[in-house]
Amino acid sequence: MSLIVDIKKKMKGFSLEIAFKTDGEYIGILGASGSGKSMTLKCIAGVETPDEGQIVLNGKVLFDSEKRINLKPQDRNIGFLFQNYALFPHMTVEENIGIALKLSKEERKQKVDEMIRAFHLQGLENKYPNQISGGQQQRVALARCIIYKPDLLMLDEPFSALDSHLKDQLQNEVLDLLKLYDGEVLMVSHSRDEIYRFCEKVVIIDKGKTVLYGDTKQIFKQPKLYTAAIITGCKNISRCEVLSPHSVYVVDWGIILETEKEIPQNIKYIGVHAHEFQMLDKALAKDEKNVIKCRINRIVEGVSEFTVHLENEKTENKNGIADILYKVNKDQWNNREEKESLYLRIPDDAILMLE
Amino acid sequence: MKKTLCLLMIICLVFSLVGCSSNTAADESTITVAAAASLKNCLDDILIPMFQEKYPNIKIKTTYDSSGKLQTQIEEGADVDVFMSAAMKQMNALDEKGLIAEDSIVQLLENKIVLIVSTNNTKDLSKFEDVLKADTIAIGDPESVPAGQYAKEALTNLGIWEEISRKASLGTNVTEVLNWVAEGSADAGIVYSTDAASTEKVKVVAEAPEGSVSKVIYPVGIVKTSKNQDLAKKFIDFLQSDEAKEIFESFGFATN
Amino acid sequence: MQISPIIISMKTASAAIVLTFMLGIFVARWVVEMKSERAKMVLDGIFTLPLVLPPTVMGFLLLIVLGVNRPVGKFLLQFLGIKIVFSWTATVIAAVVISFPLMYRSARSAFEQVDPNLIMAAKTLGLSDNRIFWTITMPLALPGVAGGGILAFARGLGEFGATAMIAGNIANETRTLPLAIYSEVAAGNMQTASSYVIIVLLISFIVVALTNYFSMKERKYLK
């Protein structure tokens, strides 16, 4: 099971340059809206054509600009779950699910019935898409693209059309249902949570270009690149100057960090995830390294945590540099010992060194 | 802004009214001639320019259509000074309604009824009665076109009207009939000799036999409501002059 | 009033709508599926032309093609013995040419309003382009297409200028309702003309009512 994608396509305002490989795992494409994610899927599906490059699925060449191969979408055996599901409104649930099957009437009915049971759609066979709920529509759409056992299943922002309170439940359901499918899964989303939850590998794209790809958990933990850090949700990023292999001056925050790990020469930014800071009391703060004495600018209350907007007390003239964000569990914050001042320590493994 | 617009509109209105009245001044040297379609070519091309040369101060406006339509228009009060129809019928009808000036009717011209075919025609037609050999025939609608009335009259007297009327395409004016034959769409057609003379795309097969059709008289008369009866008379006199007669004959008319 | 013009008009309009319907859908599909934007624009202009040109101009153009003294017409007559002008067929041709743009534009607009995602989904599901057109595009575009058909029928029914030129005005053969009305008015038979006009008004009204019915018809699967 493998998918190789290496394509270029000129688009309005930017050019798409995507390259990645998968090996049977679920892979996600993460990027902002308009960064070219949907176009990438459409190129793989064959409904759009890249300007150059190649797309190979399980050893079968779907597209190769040099060899002038460009298979019609009908011949690519790919399943594509559209963002708005694209269910045929004039066909019943049954007819929608079975439409891709080239079998006799009886065989088709049998397979469709199987799917209906597996996807918990009993009783809805003769209903039309506008008569069923959003979650049911999604299951029908998913059943429709799995039933003919495609080599690759692509999901385009599968959860963005759903109400947020349903998302959780539906995400679990879909995860279960996907177990019924044997092949590659490629998912596109702008939601970090979804990608993190579903995909073992991730491709991060920014303005049409692949920024990074690899193991999801690893990339989220250590984004390595500035743009990757932003896309994976790191809120605290500052310019930096490398002073020595183990110390670096964090320009925007006015502190010097000392690191256990060696700092590569080409590091230009330092990042820290908002959840990773450690609160210290005054006594300990004096002895530890990599501690900031903070001036709190604002505290924003969320449902289960506080977001503390702060800056280094020592810095004056911020000149438009953003606050440091510290996200902390409400209980933890309310029960803190040191209430006079705020001392935050940056643990060594929380320091993100970014190119 | 609104005030300026209003002022502008008032000025325009005044000008148009003034313009109208100054038109009546000009009306005194313009006459409107309503004539049958078959007279268009000889009037527009030669005779009217000739008249204008002789009388540069008299302007002539013309309108051409089937005599029946013109009759209707005059009945409805159209501003016409001189009426030239292609048959006595329309002139008489207007005269009976008192719409023609006393004693102004002159039986000016005579036109012949002829059978024509397209010059590319392959069918062998030599007599008027050979019209039966044609598959498609074009004639004017007898109910509204004088040329059509004459055609019906001639064919009836020859005993072939019933048969012909079954396959005839009825034109609403004689020019339409002529064009149908010129294009070859109709194998044969019945028009005036003047029509046949006006285009090289058709040739005359035969005239309607002597006695089979009443004479086609083209009368001219002055409409009673005309404000320019003197000028109208000048025009009619001109049409009866020798030089005018020569022109008419060159176009296929016979003059009295 | 004679019944012949009514019958001829209904025959002509019916034959014309069958041809126009098929032609309009076929051509609209062709243009919609075309890849080159420039070609689309040029073709669209050509196919819309009869709508904006006066019918007499269309009649003139048809005459140049079909007239027996013109190249094509001459060929047809000499080698195939076919003379189209002044035949009932000519009334149908005039009606088809005049009403075609209406059908084409309605069909094209209806096809383009079908959600493109549905077409893409159908392709990825393996449906052939033909199957997609007949089982997805057409059913969803049907109200627009049917509405266009009805309008085209009415337009073909009312065709006059081009018909007179190429089909002539032959009683019981090519005298359609519009031609009959015009003749009767020219002859001063207002009563007869009025009777014909009422028939035309009636048919037109039914046509408009049907168009509205179709475009507003509730279909189960749409909210």
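Remember, it's a predicted structure, so these values are computed and weren't measured experimentally.

1. Concerning the overall build of chain B
- Looking only at helices and strands, one finds 10 helices and 11 strands in chain B.
- If one aligns the C-alpha atoms of chain B with their principal axes, the spans along those axes are about 75 × 50 × 35 Å.
- Within chain B, the proportion of its 256 residues that are buried is 45%.

2. Looking at the nonpolar core
- Met154 and Ile204 of chain A together with Val181 of chain B are the most contacted members of the largest nonpolar core, which totals 226 residues.
- Residue contributions to this core peak at 15 residues, all from helix α5 (residues 88-112) of chain C.
- The contact partners of valine 181 of chain B, leaving out residues within four places of it in the chain, are Ile116, Val117, Ser118, Ala138, Ala186, Ala188, Gly189 and Val202 of chain B.

3. Describing the interface of chain C and chain A
- With 17 residues of chain C at the interface, the matching set in chain A holds 17 residues.
- Sorting the residues of the side of chain C that touches chain A by element identifies α6 (116-124) and α7 (129-157) of chain C as the ones contributing at least two each.
- Of the residues assigned to the side of chain C that touches chain A, the class counts are 10 nonpolar, four polar and three charged.

4. Here we look at the domain arrangement of chain A
- According to the domain assignment, chain A consists of domain 1 (3-225) and domain 2 (236-354).
- Using C-alpha coordinates to define each centre, domain 1 of chain A is positioned 39 Å away from domain 2 of chain A.

5. Notes on the environment of threonine 225 of chain B
- Along the polypeptide, threonine 225 of chain B turns up in the loop between β10 (216-222) and α9 (229-239).
- Sequence separation between threonine 225 of chain B and valine 131 of chain B is 94 residues, and the spatial gap between their C-alpha atoms is 44 Å.

6. What about helix α2 (residues 37-52) of chain C?
- When the terminal C-alpha atoms of α2 of chain C are compared, their 22 Å separation across 16 residues agrees well with the 22 Å that a helix rising 1.5 Å per residue should span.
- A maximum bend of about 30° is found in α2 of chain C at isoleucine 46 of chain C, where proline proline 50 of chain C lies one to four positions downstream.

7. What about the environment of valine 114 of chain B?
All names here are of chain B.
- Residue position: valine 114 is located in strand β5 (residues 113-118).
- In this structure the C-alpha to C-alpha distance between valine 114 and leucine 231, which are 117 residues apart in sequence, comes to 35 Å.
- Once residues within four sequence positions are removed from consideration, valine 114 is found in contact with Val191, Ser193, Ala196, Val204, Ala206 and Glu207.

8. Comments concerning the arrangement of the chains
- The structure contains two pairs of chains in contact, of which chains B and C account for the largest number of contacts.
- Between chain A and chain B there is no contact; the minimum C-alpha to C-alpha separation amounts to 46 Å.

9. Focus on the domain arrangement of chain B
All names here are of chain B.
- Here chain B is partitioned into domain 1 (31-110 + 218-255) and domain 2 (113-207).
- Taking the mean C-alpha position of each, domain 1 and domain 2 sit 26 Å from one another.
- In this complex, domain 1 contributes 13 residues to the contact, which on the side of domain 2 involves 14 residues.
- Considered class by class, the residues forming the side of domain 1 that touches domain 2 number five nonpolar, six polar and two charged.

10. Some remarks on the packing of α5 of chain C against α7 of chain C
All names here are of chain C.
- Put simply, α5 and α7 touch, their axes get as near as 8 Å, and they point 155° apart. Judged by the inter-axis angle, α5 sits roughly antiparallel to α7. Once α5 is placed against α7, the crossing between them reads as right-handed. Where α5 approaches α7, its residues Ala95, Ile98, Ser99, Leu102, Met103, Ser106, Ala107, Ser109, Ala110 and Phe111 are matched on the opposing element by Thr137, Ala141, Gly144, Val145, Gly147, Gly148, Gly149, Leu151, Ala152, Arg155 and Gly156.

11. A word on the interface of chain C and chain B
- Counting from both sides, the interface comprises 15 residues of chain C and, opposite them, 20 residues of chain B.
- Among the residues making up the side of chain C that touches chain B, the classes are represented as nine nonpolar, six polar and no charged.

12. What to know about the sheet that holds strand β11 (residues 254-255) of chain B
Residue and element names in this part refer to chain B.
- Read across the sheet, six strands follow the order β2-β1-β3-β10-β4-β11 without closing on themselves; strand pairing throughout is mixed. A strand with exactly one partner marks an edge of an open sheet, and here the two such strands are β2 (59-65) and β11.
- For strand β3 (residues 82-84) and β10, the ladder comprises three bridges, and the chain directions are antiparallel. Note that in β10 the partner of phenylalanine 83 across the bridge is glycine 221.

Conventions used here
- Residues numbered from 1 in each chain as written.
- Chains lettered and ligands numbered in written order.
- Predicted model: local features only at pLDDT ≥ 70, side-chain atom pairs only at ≥ 80, totals over all residues.
- Helix = DSSP H or I, 4+ residues; strand = E, 2+ residues; numbered from the N terminus.
- Buried ≥ 20, exposed ≤ 12 C-beta atoms within 10 Å, placed from the backbone.
- Core = buried A, V, L, I, M, F, W, Y, C linked by C-beta atoms within 7 Å.
- Contact = placed C-beta atoms within 7 Å.
- Nonpolar A, V, L, I, M, F, W, Y, C, P; charged D, E, K, R; others polar.
- Domains from an automatic or database assignment.
- Expected span 1.5 Å × (residues − 1).
- Bend = angle between axes of the 7 residues up to and from the residue.
- Axes fitted to C-alpha atoms, helices over the stretch in contact; angles between N-to-C directions.
- Parallel < 35°, antiparallel > 145°, perpendicular 65-115°, else oblique.
- Left-handed = near helix turned anticlockwise from the far one by under 90°.
- Pairing = 2+ DSSP bridges.

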